[in-house]
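Structural description and commentary
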Amino acid sequence: MSHVIAVINQKGGVGKTTTTLNLAAYLSRAGRSVLVVDADPQANATSGLQIDKHSLDYTLYDVLFKRSKLEDTIKTTNLSGLNILPSNADLAAAEIDMVGSESRELFLKRSLANASFDYVLIDCPPALGLLTVNALAAANKILIPVQAEYYALEGLSQLLASIQQVREGLNPDIMLLGVVLTMYDSRTSLSSQVKEELVKHFGDKIFNAVIPRNVRLAEAPSYGKTILEHDKWSKGARAYKHLAQEVIERAEQ
Ligand SMILES: Nc1ncnc2c1ncn2[C@@H]1O[C@H](COP(=O)(O)OP(=O)(O)OP(=O)(O)O)[C@@H](O)[C@H]1O
Ligand SMILES: [Mg+2]
């Protein structure tokens, strides 16, 4: 069975998409087959892999509503082993179109049932709505990126409560793979304070790999590249490589 990892945090701009894409790149570099699922109507993961959102025949939306087949919708990318189930703004209508259905939480799980990849990484939108619930129902693991900033911990208890709810109902087997600190600035004491707070809450669930604030990471998507292709010697690249090693250790042990 695939390791299906929901990359989730309802806070916006904490590094979900950056983490999804660059972790996916290094998992594929380590010889694993990887599918990125763009579950966010902003479709940043899609454009970050140099896929033109405006010229797609089919998207995740079509797969969810059985208008296209998974295998006809998945696109390969410039990196061997790295594939994407792309999205565009159409996905914004999905929550409304699902809500009347009795199995509204299970659309994504059903859509991915025949996906045969070593890893499936689901890039979630910044909300705890139906798309995110679909991701939590389809996943067997959760990865939470947390930005190293003052308000980082706000909202985490709400997120953990939602995960607990999913565990008690839809998906009893889902487990927290880990929490990764993003945009870490070693020059500020604030960053290390946030890290200490997180360790108190999450203990060894915190990944040793910490993602630094690094301009190379921020500029890579504008070239449609992952950091592995954009600047593999950058600090950001080394951090995501380390994260991929830890993910492999935890997931495959
Ligand atoms: N480690 C980093 N160093 C510098 N910039 C970063 C880093 N990680 C992310 N960014 C930048 O911060 C912004 C937000 O990152 P990203 O899009 O990955 O967050 P997100 O959680 O997916 O956002 P959203 O909630 O809108 O989907 C982007 O402009 C991204 O390029
Ligand atoms: Mg995003």
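The shown structure was predicted, so the numbers you read here are calculated from the model rather than taken from an experiment. (Residues numbered from 1 in each chain as written. Chains lettered and ligands numbered in written order. Predicted model: local features only at pLDDT ≥ 70, side-chain atom pairs only at ≥ 80, totals over all residues. Heavy atoms only, no water.)

Brief notes about the sheet that holds strand β5 (residues 119–123)
The 7 strands lie next to each other as β3-β4-β2-β5-β1-β6-β7, forming an open sheet whose pairing is mixed. Strands with a single pairing partner mark the edges of an open sheet, and in this sheet they are β3 (75–76) and β7 (175–182). Across the sheet, helix α9 (residues 189–202) is in contact with β6 (141–147) and β7; its angle to β7 comes to roughly 170°. (Pairing = 2+ DSSP bridges. Helix = DSSP H or I, 4+ residues; strand = E, 2+ residues; numbered from the N terminus. Contact = heavy atoms within 4.5 Å. Axes fitted to C-alpha atoms, helices over the stretch in contact; angles between N-to-C directions.)

Focus: the packing of aromatic side chains
This model, assessed by the stated rule, comprises 3 aromatic pairs. Ring geometry for Tyr61 and Phe65: centres 4.7 Å apart, planes at 40°, overall tilted. By relative accessible area, Tyr61 is classed as buried at 11%. Their ring planes at 55° and their centres at 5.3 Å tell us that Phe65 and Phe107 sit as a pair that is tilted. In this pair, Phe65 sits in the loop between α3 (60–64) and α4 (70–73) while Phe107 sits in helix α6 (residues 107–111), placing the two residues 42 residues apart along the sequence. Residue classification places Phe107 among the buried residues on the basis of a relative accessible area of 6%. In this structure, Arg110 packs its charged tip against the face of Phe107, placed 4.8 Å from the ring centre. Sitting over the face of the ring of Phe207, Arg250 holds its NZ or CZ atom 4.1 Å from the ring centroid. (Phe/Tyr/Trp six-rings, centres within 6.5 Å; stacked < 30°, edge-to-face > 60°. Buried < 20%, exposed > 50% of the residue type's maximum accessible area, 1.4 Å probe, protein only. Lys NZ or Arg CZ within 6 Å of the ring centre and 35° of its normal.)

Overview of the packing of helix α1 (residues 16–29) against helix α12 (residues 235–252)
Interhelical geometry of α1 versus α12 gives an angle of 70° and a closest axis separation of 8 Å. In terms of orientation, α1 and α12 fall into the roughly perpendicular class. When α1 is examined against α12, the residues Thr18, Thr19, Asn22, Leu23, Tyr26 and Leu27 are found in contact with a partner set consisting of Ala237, Tyr240, Lys241, Leu243, Ala244, Val247 and Ile248. Grouping the constituent residues of the contact of α1 with α12 by class yields 9 nonpolar, 3 polar and 1 charged. (Parallel < 35°, antiparallel > 145°, perpendicular 65-115°, else oblique. Nonpolar A, V, L, I, M, F, W, Y, C, P; charged D, E, K, R; others polar.)

A closer look at the side chain of Lys16
Note that Lys16 resides in helix α1. For the buried Lys16, no salt bridge exists, and the shortest N-O distance to an oppositely charged side chain is 6.5 Å, to Asp123. At 3.1 Å, the side chain of Lys16 forms a polar contact with the backbone oxygen of Asn9. In terms of polar contacts, Lys16 uses its side chain to reach the backbone carbonyl oxygen of Lys11, at 2.7 Å. Not counting the four nearest positions on each side in its chain, Lys16 is found in contact with Val7, Ile8, Asn9, Lys11, Asp123, Cys124, Pro125, Pro126 and Pro145. (Lys, Arg positive; Asp, Glu negative; His and termini not counted. Salt bridge = Lys/Arg side-chain N within 4 Å of Asp/Glu carboxyl O. Polar contact = N/O pair within 3.5 Å; in protein donor to acceptor, adjacent residues only side chain to side chain.)

Some thoughts on the pattern of salt bridges
Applying the stated criterion to the full structure yields 7 salt bridges. The salt bridge partner of Arg187 is Asp185, with a shortest N-O separation of 3.1 Å. Owing to a relative accessible area of 74%, Arg187 belongs among the exposed residues under this scheme. Looking at Asp185, the relative accessible area reads 16%, which means it is buried. Via salt bridges that share partners, Arg216, Glu219 and Asp231 belong to a single interconnected network.

Let's talk about the pairing of β5
Burial analysis of β5 places 5 of its 5 residues in the buried class, which makes it a mostly covered element. Residues Tyr119, Leu121 and Asp123 line one face of β5 and the alternating positions Val120 and Ile122 line the opposite face, and both faces are buried. Sheet topology places strand β1 (residues 3–7) next to β5; 5 bridges connect them, and they run parallel. Each bridged residue has a counterpart across the sheet, and for Val4 the counterpart in β5 is Val120. Strand direction decides the pairing type here: strand β2 (residues 34–38) and β5, joined by 5 bridges, are parallel.

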